[in-house]
Amino acid sequence: MTNVRTFFRTALLATALVAAPALADGPIADRGEAVETAQFERDRATILSMAGDYKVRFDMQESTPWMAGYEPLDRKISGGHESVRVIEDTGTKIILQHLLVVGAEGEEFVIKHWRQDWEYEPEKILAYTGPNSWEWMEMPERLRNGRWSQTVYQVDDSPRYAGWGEWQDSQGIRRWRSNWTWRPLARRDAVRDPVYDRYASINRHQLTPTGWIHWQDNTKMMPDSAGEDGLAPVVQEYVLNTYDRFDDYNVAAADEYWAATADYWAAVRTQWDAVAEANGGIAIAEEAQTGTVISGRLLTIANEIKDGALSEADAIAEARQLITQATAEGAAAAAEVAEANGEY
């Protein structure tokens, strides 16, 4: 009996040490077809309700240091106006694109922001596994029933992080909570050349009377050969992004940008998807200022389409070439060497 217990303890420990999202909750029991269908439709309505026009507030606060001598950063608050659009809805998959509208009145311009893909009972997710690397991770079959994955993409449609969870009603609040996920550094941290190089996070979405909130619980981690998984915690961070419905800004600017660039960005998404399927994931170098090393150019191409400086066909061809080259075997490592030598 002792040997059996030891075996299971060892197996569970090995599972926990895999650099993949940890499990969230136990399986959801089959609730019958009628209940499952009703829950599915309600989940869909909840996700779709996050689309709209908003005044947004980003509130980031490092709190508890886990490493002796580390001084948490001062709280950082920012905000602006953001339009969220449904750009795909197949029934079991919903894609929401965020578009920031910034600048003085009459001089507004649009920044393509993050994207969130929701998928019902997926077989796999594209998860972050460490610096410059995302891999397909199987979602355990016993945990798929009734759950949605959320995959978040960066401004150039390269992946950022992914997790899964169940939409629930608790204390009168509609909410979704992910499993634990690994995440790459946000640019607000990456530009500081910090000691940590990734986050271990739980991601929550909750509806409010005026919109919704995106709440992140981030443990900032650093490499440490003596630590569990070769990592050690540095500091805790709490992020609360608030979306309050508001349309007294130049909403038309967001829609005009998307109308002009939607087909280009669809081709970009398709190219990233093709690379991930062909390679079992995506490997691409990142830099502190922009995210991936091709992010800046991919965004500039979209602006050139909108301004009439570049044809859509030429833009798509260039984007496909950029993505193919930057994700080729060995490209990420070569880019890291180039950056270290000051060639970027």
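This text goes with the structure placed above it.
Residues numbered from 1 in each chain as written. Predicted model: local features only at pLDDT ≥ 70, side-chain atom pairs only at ≥ 80, totals over all residues. Heavy atoms only, no water.

Novice: Honestly, the environment of V191 in this entry has me stumped. Any pointers?
Specialist: With respect to the element layout, V191 can be found in the loop between α3 (187-190) and β12 (198-208). V191 sits 99 residues away from T290 along the chain, and the two C-alpha atoms are 9.5 Å apart. Those residues in contact with V191, other than ones at most four positions away along the chain, are A288 and Q289. (Helix = DSSP H or I, 4+ residues; strand = E, 2+ residues; numbered from the N terminus. Contact = heavy atoms within 4.5 Å.)

Novice: In this structure, what is going on with the layout of surface pockets? I would like to understand it.
Specialist: It is a probe the size of a water molecule, rolled over the atoms, that shows where empty space is left. Its volume calculated, the largest pocket comes out at about 1200 Å³. Residue lining of the largest pocket: 40 residues in total, with R160, L185, A186, R187 and R188 positioned closest to the centre. With four residues, strand β2 (residues 76-89) is the single largest residue contributor to the lining of the largest pocket. When grouped by side-chain class, the residues that make up the lining of the largest pocket number 20 nonpolar, 10 polar and 10 charged. (1 Å grid on protein atoms, 1.4 Å probe; cavity = no way out; pocket = protein on both sides within 12 Å on 5 of 7 lines; lining within 4 Å. Points joined across faces, edges and corners; volume = space filled by probe spheres on them. Nonpolar A, V, L, I, M, F, W, Y, C, P; charged D, E, K, R; others polar.)

Novice: For this particular structure, what's the right way to read the side chain of D157?
Specialist: The residue D157 is located in the loop between β7 (148-153) and β8 (159-165) in this model. Reaching out from D157, the side chain makes a polar contact with the side chain of K112 at a distance of 3.1 Å. Looking at D157, its side chain comes within polar contact range of the side chain of R115, at 2.9 Å. Ignoring anything within four residues of it in the chain, the contact list for D157 reads Q97, K112, R115, W265, V268, R269 and W272. (Polar contact = N/O pair within 3.5 Å; in protein donor to acceptor, adjacent residues only side chain to side chain.)

Novice: I'm lost on helix α5 (residues 295-306) in this one. Help?
Specialist: Owing to its 3.6 residues per turn, the α-helix brings residues three or four apart onto one side. Look at α5: 17 Å from first C-alpha to last across 12 residues, which is about the 16 Å you get at 1.5 Å a residue. The complete set of buried residues in α5 reads S295, L298, I301, A302 and I305. Across the axial projection of α5, the buried residues extend over an arc of 130 degrees, all falling on one side. Elements that come into contact with the buried residues of α5 comprise α4 (251-279), β17 (291-292) and α6 (312-326). One or two residues past the end of α5 sits G308, with phi positive at roughly 80 degrees. (Expected span 1.5 Å × (residues − 1). Buried < 20%, exposed > 50% of the residue type's maximum accessible area, 1.4 Å probe, protein only. Arc of directions from axis to C-beta.)

Novice: Explain the pattern of salt bridges to me, please; I cannot follow it from the model alone.
Specialist: Counted under the stated rule, the structure contains 24 salt bridges. For R174, the salt bridge is made with D43, and the minimal N-O distance between the two is 2.6 Å. Here R174, found in strand β10 (residues 173-177), pairs with D43, found in helix α2 (residues 33-48); they are 131 residues apart in sequence, far enough to count as distant. Across the pair, D43 and R174 agree in class, each one buried. With its nearest N and O atoms 3.3 Å apart, the salt bridge here joins K220 to E237. Of the two residues, K220 is situated in strand β13 (residues 211-223) and E237 in strand β14 (residues 231-245); the sequence distance between them amounts to 17 residues. (Salt bridge = Lys/Arg side-chain N within 4 Å of Asp/Glu carboxyl O.)

Novice: Looking at this structure, I do not really get the environment of H113. What am I missing?
Specialist: Within the secondary structure, H113 is located in strand β4 (residues 109-120). For H113, a relative accessible area of 18% translates into the label buried. When residues no more than four places from it in sequence are discounted, the contact partners of H113 are F58, E82, Q97, H98, L99, L100, Q154 and V155. For H113, the side chain forms a polar contact with the side chain of E82, separated by 2.8 Å.

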